[in-house]
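An overview of the molecular structure
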Amino acid sequence: MSLVKNNNPIFPALMNEIFQPDWFGGLEKVSSKLPPVNIKENETNFELQLCVPGGKKEDFKIEIENDELIVSSEAKDTHNDEGEYTRREFAFNAFNRVFTLPNTVNAEGIEANYKDGILSFVLPKKEEALPKPKKVIEIS
């Protein structure tokens, strides 16, 4: 794979404006309110990570309902509003993410941990979904 640099000296601002993901009515703004997620599968479980920096574990509500893992947080602005701001860019957004659990997940064994801005889940697989060891059959 090679990287191609976009050199358009005539219309650089126009080209940047046209090719923004926000071009079709705010798609960028909608997706930026949801925390990004990583999902990894290995032999015994799934690992799910949400990037939600600046929170505390008490800020999150985690539920399982109808084979769905629901992770949510309310927007909380705890900063002092005394005085006028010249510029204010801090954003405190509420979010609600729903993950449909596969039939292979043991919902009773799900564990969650919040550390360094990463909300991590371990979703263990059911016994019947775990890989079976090889069976050697001897010839008689």
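Anything mentioned here points back to the structure above.
Residues numbered from 1 in each chain as written. Predicted model: local features only at pLDDT ≥ 70, side-chain atom pairs only at ≥ 80, totals over all residues. Heavy atoms only, no water.

Right, let's get into the pattern of salt bridges. For the structure shown, the criterion picks out 3 salt bridges. Notably, a salt bridge pairs Lys40 with Glu47, separated by 3.6 Å at the nearest N-O pair. For Lys40, a relative accessible area of 53% translates into the label exposed. The class for Glu47 is partly exposed, based on a relative accessible area of 26%. Across the pair Glu63 and Lys61 runs a salt bridge whose closest N-O atoms are separated by 3.7 Å. Judged by relative accessible area, Glu63 falls into the partly exposed class, the value being 34%. Owing to a relative accessible area of 47%, Lys61 belongs among the partly exposed residues under this scheme. (Salt bridge = Lys/Arg side-chain N within 4 Å of Asp/Glu carboxyl O. Buried < 20%, exposed > 50% of the residue type's maximum accessible area, 1.4 Å probe, protein only.)

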